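Below are the chains, spelled out letter by letter.
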Amino acid sequence: MSGFQLRTLRVTGPGKPDAEITFDAGLNVISGPSDTGKSYLVEAIDFMLGGATPPRQIPESAGYDQAHLMIVADDGQTYALTRALQGGDFLLTEPAAPETEAVTLSARHSATDPDNISTFLLRLVNLDQKRLRK
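Everything numeric here is computed off the predicted structure, so don't read it as measured data. (Residues numbered from 1 in each chain as written. Predicted model: local features only at pLDDT ≥ 70, side-chain atom pairs only at ≥ 80, totals over all residues. Heavy atoms only, no water.)

*Asks:* I'd like a rundown of the sheet that holds strand S2 (residues 19-22), residues and numbers included.
*Replies:* Strand order across the open sheet formed by six strands is S2-S1-S3-S4-S5-S6, with antiparallel pairing between neighbours. Two strands bound the open sheet, and with one partner strand each, they are S2 and strand S6 (103-105). Pairs of neighbouring strands in the sheet enclose a mean axial angle of 20°, with direction left out of account. Two strands pair when backbone bridges link them, and strand S5 (residues 90-93) and S6 are joined in this way by three bridges, in the antiparallel orientation. Paired with Phe90 across the strands is Leu105, a residue of S6. Contacts from helix H1 (residues 38-48) reach strand S1 (4-12), S2, strand S3 (66-73), strand S4 (78-84) and S5, with the element oriented near 110° to S1. (Pairing = 2+ DSSP bridges. Helix = DSSP H or I, 4+ residues; strand = E, 2+ residues; numbered from the N terminus. Axes fitted to C-alpha atoms, helices over the stretch in contact; angles between N-to-C directions. Contact = heavy atoms within 4.5 Å.)

Below, the structure is given as C-alpha cells:
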C-alpha cells in the first residue's frame, strides 16, 4: 500500500504564538460553530498540498507568515513542508534525519524537473511517472 497521512498543520509568525492542529491516523472531522476557522483550515491544507491560492486573510491570521505541514508516508518516513503564506516554493525537510539537506520544491509542476510539490506527493502514492488519459 502507498500513501501518506497529515500529522500537523502549523502557522507561525514573528512574535506570534504558533497555531497548530494535530491530525490522528484515519478519518478526522473538523467541526464547530461559524467563524471558528474551519474554512481557513481547509484552504491552508489545500495550499500546503500544492494549491496556488493562499488561504484568505482572516483577523486571526494577522502576523502569521509561514505554514508548516508534517506528513507521514505509509513507510513511516516523516516529511516537513514549509511554505510562505503569501505563496511561492516549498522547503522539504526530513525531521528524523536532520543531517539531510533541505530541498526546495517548486510550487509548479514540471514533467522534466522532479523537484516540485506535485511530483513529490505523487511519488508518495506511487503515481509519479504515470500518464493520465483524458
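*Asks:* Account for the confidence of the model for the chain, naming residues and giving values.
*Replies:* Detailed reading of the predicted coordinates is not advisable wherever pLDDT is low. Of all residues in the chain, 99% attain a pLDDT of 70 or more, and the chain-wide mean is 93. Here helix H2 (residues 117-124) is the element of the chain with the lowest mean pLDDT, 93, and S4 is the one with the highest, 98. (pLDDT = per-residue confidence, 0-100.)

*Asks:* Quick rundown of the nonpolar core? Include the residues and the values.
*Replies:* By size, the foremost hydrophobic cluster in this structure holds 25 residues, and its most contacted members are Leu9, Met48, Leu81 and Phe120. If sequence neighbours within four positions are ignored, Met48 has contacts with Leu9, Ala67, His68, Leu69, Leu81, Thr82, Arg83 and Phe90. (Core = buried A, V, L, I, M, F, W, Y, C linked by side-chain atoms within 4.5 Å. Buried < 20%, exposed > 50% of the residue type's maximum accessible area, 1.4 Å probe, protein only.)

*Asks:* Please set out H1 residue by residue, giving values where relevant.
*Replies:* For H1, every residue scored as buried is listed here: Tyr40, Leu41, Ala44, Ile45, Phe47 and Met48. Along the long axis of H1, the arc covered by the buried residues comes to 160°, so they all point the same way. Where H1 is buried, its residues meet S1, S2, S3, S4 and S5. One or two positions beyond H1, positive phi appears at Gly50, with a value near 110°. (Arc of directions from axis to C-beta.)

*Asks:* Account for the packing of aromatic side chains, naming residues and giving values.
*Replies:* Applying the stated criterion across every chain, the model contains one aromatic pair. Taking NZ or CZ as reference, Arg83 lies 3.9 Å from the ring centre of Phe47, over its face. (Phe/Tyr/Trp six-rings, centres within 6.5 Å; stacked < 30°, edge-to-face > 60°. Lys NZ or Arg CZ within 6 Å of the ring centre and 35° of its normal.)

*Asks:* Just give me the short version of the pattern of salt bridges, but keep the residues and values in it.
*Replies:* According to the stated counting rule, one finds three salt bridges in the structure shown. Here Arg10 ties to Asp18 by a salt bridge, and the two come within 3.6 Å at their closest N and O atoms. Residue class for Arg10 comes out partly exposed when judged on its relative accessible area of 24%. Across the pair Glu20 and Arg10 runs a salt bridge, and its minimum N-O distance is 3.5 Å. Taken together, the residues Glu20 in strand S2 and Arg10 in strand S1 connect sequence positions 10 residues apart. A single network of salt bridges, built from pairs that share partners, joins Arg10, Asp18 and Glu20. (Salt bridge = Lys/Arg side-chain N within 4 Å of Asp/Glu carboxyl O.)

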